[in-house]
Amino acid sequence: MRILIAEDERISRELLRRALENIRHEVIAVTDGLEAWNHIVDESADIRLVIADWMMPGLDGIELTRRIRSAGFRHYVYVIMLTSRGQRQDVIDGLSAGADDYVIKPFDPGELFFRVRCGLRIVDLEEQLAARNRELERMAMVDGLTAIPNRRAFDDDLGRRILECQRYRRPFALLMIDIDQFKNYNDTLGHAAGDSALRRIALVLKRALRGTDDVYRYGGEEFACILPETDEDGAMLVAERLRAAVEAEKIPHPGTAPGVVTVSVGVTVHRPQHPDSPSWIVENADRALYRAKRAGRNRISGPQQATCTGGFPVLK
Amino acid sequence: MIETMSDCPLDLEEALARTGGDRQFLRELLEMLGEDVPQRVAAIREAVARSDAETVRSEAHTLKGAAANLAAGRLAELSLGVEERGRAGTLDEVEPLLASIEREGERIARFARSLPT
């Protein structure tokens, strides 16, 4: 983090530089507003606090402050204006342009120290707040139990995939995955075991997918996968691999025929000529999933009403 | 030649407070001020010659600030006089003040050279 001094009068500039360096701040000192602006927009310069003289060639302090406030930087830039004694109107203009504080020249190093410290406190608080907001934003997109993207992330991504599909004229596939007899699993083995099974299945699905595919926790015991650039054949292969991977995990389940946790998978493929509605796509995948369930669970069902199990497609 | 306190063109105690007690640094700044005075005076003279009152005002304002920073009271006062005349547009009254400012600048430069570090 650096402090920028913009002051065209060199004695005042050197005094400021010395006062700030004495209190161990890294300082960049420039002589006009445009040069100041060039440093401020340069993210690698990492300038969070600006001390700007009010009268400067190029860009004066007011205009500089206005630019900083309307730029929408990722970080807050705290602005202290420098003004001469008795320039009350300058102070009012400066504060109304968005300056945070002002220092009257000739300044007292002790006073400057506290004003800078106060400014840095605000900069620091803003930074903590921004970091926390970023973390919350991330958390809002991640399922707390399984640590994979959640329903909100799914809705966002599906919307984006639909737009991409139209724009690039490329299909994508959507899989809806439901754990078989999961209510029974919870009722028999308890919710802690249920949570643990959900976590394991999320991991299994993630591992069985290709690098470009995404898996989401859609709801209670439902997962969804978006497979970009994938047609029916590819989607059925991936679906079957997921189904087989869950079965091979051999999580004991007293309520299913094979005695282990299994999933049913519904497959749909979206093409540019299809309606661009997310709910239409999800309903198609749900219908396929329902067919897989009705056909006896632990199987996958594709868009052409084909079901298959163990890698052998069966036409209904 | 060592200047006596009565010849001192600035409030030394105050000026040292501004530089955090650093005499060498104060000396450098006073030398800068001594160099700046003739340049500002030349700029003001040119502005007077073309009746540019705004430049007279702003140059004098800057010089006043520089002087005030180093607690050079007399130079700040003289500069304020020029600044006010620039604002009022009474540029015919500026020249006598400029002559005093030049002398004050020389005095500051001499003082800087004599300042023990």
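Residues numbered from 1 in each chain as written. Chains lettered and ligands numbered in written order. Predicted model: local features only at pLDDT ≥ 70, side-chain atom pairs only at ≥ 80, totals over all residues. Heavy atoms only, no water.

**Q** Which residues make up the interface of chain A and chain B, and what are the values?
**A** With 13 residues of chain A at the interface, the matching set in chain B holds 18 residues. Viewed at the interface, chain B and chain A are joined by 3 salt bridges. Between aspartate 22 of chain B and arginine 18 of chain A there is a salt bridge, with its nearest N and O atoms 2.7 Å apart. Linking chain A with chain B are 6 residue pairs in polar contact (both at pLDDT 80 or more), by the criterion used here. Per element, the largest residue contribution to the side of chain A that touches chain B is 6 residues, and it comes from helix 1 (residues 10-22) of chain A. Here the residues of the side of chain A that touches chain B sort into 6 nonpolar, 3 polar and 4 charged. (Contact = heavy atoms within 4.5 Å. Salt bridge = Lys/Arg side-chain N within 4 Å of Asp/Glu carboxyl O. Polar contact = N/O pair within 3.5 Å; in protein donor to acceptor, adjacent residues only side chain to side chain. Helix = DSSP H or I, 4+ residues; strand = E, 2+ residues; numbered from the N terminus. Nonpolar A, V, L, I, M, F, W, Y, C, P; charged D, E, K, R; others polar.)

**Q** Let's hear about the pattern of salt bridges: which residues, and what values?
**A** If the charged atoms of two oppositely charged side chains come close together, the side chains can form a pair. Taken as a whole, this structure holds 40 salt bridges over all chains when the rule is applied. One connected set of salt bridges, linked through shared partners, spans Glu7, Asp53 and Lys105 of chain A.

**Q** Let's hear about the side chain of serine 84 of chain A: which residues, and what values?
**A** Inspection of the secondary structure assignment puts serine 84 of chain A in strand 4 (residues 78-84). Side-chain polar atoms of serine 84 of chain A contact the side chain of histidine 61 of chain B, separated by 3.2 Å. Apart from residues no more than four positions distant in its own chain, serine 84 of chain A is found in contact with Ile104 and Lys105 of chain A together with His61 of chain B.

**Q** Give a description of the domain arrangement of chain A that names residues and reports values.
**A** Parsing chain A into structural domains produces domain 1 (2-140) and domain 2 (151-315). Taken over C-alpha atoms, the centre of domain 1 of chain A sits 54 Å from the centre of domain 2 of chain A. (Domains from an automatic or database assignment.)

**Q** An account of the packing of helix 4 (residues 73-88) of chain B against helix 5 (residues 94-114) of chain B is requested, with residue identities and associated values reported.
**A** All names here are of chain B. Axis separation between helix 4 and helix 5 bottoms out at 9 Å; the angle between their running directions is 155°. Classified by the angle their axes make, helix 4 and helix 5 are roughly antiparallel. As for the relative orientation of helix 4 and helix 5, their crossing is left-handed in sense. Between helix 4, through Arg74, Leu75, Leu78, Ser79, Gly81, Val82 and Arg85, and helix 5, the contact on the second element is made entirely by Val94, Leu97, Leu98, Ser100, Ile101, Glu104 and Ile108. Here the residues of the contact of helix 4 with helix 5 are counted per class, giving 8 nonpolar, 3 polar and 3 charged. (Axes fitted to C-alpha atoms, helices over the stretch in contact; angles between N-to-C directions. Parallel < 35°, antiparallel > 145°, perpendicular 65-115°, else oblique. Left-handed = near helix turned anticlockwise from the far one by under 90°.)

**Q** Help me get a handle on the sheet that holds strand 1 (residues 2-6) of chain A, residues and values and all.
**A** Residue and element names in this part refer to chain A. Strand order in the open sheet formed by 5 strands is 2-1-3-4-5, and the pairing between neighbours is parallel. Edge positions in the sheet fall to strand 2 (26-30) and strand 5 (101-105), since each has one partner strand and no second. Ignoring strand direction, the axes of neighbouring strands in this sheet form an average angle of 20°. In this sheet, strand 3 (residues 47-53) lies alongside strand 1 in parallel orientation, the contact comprising 5 bridges. Bridge assignment links leucine 4 to a residue of strand 3, and that residue is valine 50. Each of strand 1, strand 2, strand 3, strand 4 and strand 5 is contacted by helix 1, which is oriented at about 170° to strand 2, the strand it contacts most. Contacting strand 1, strand 3, strand 4 and strand 5, helix 5 (residues 109-140) runs over the sheet at an angle of about 145° to strand 3. (Pairing = 2+ DSSP bridges.)

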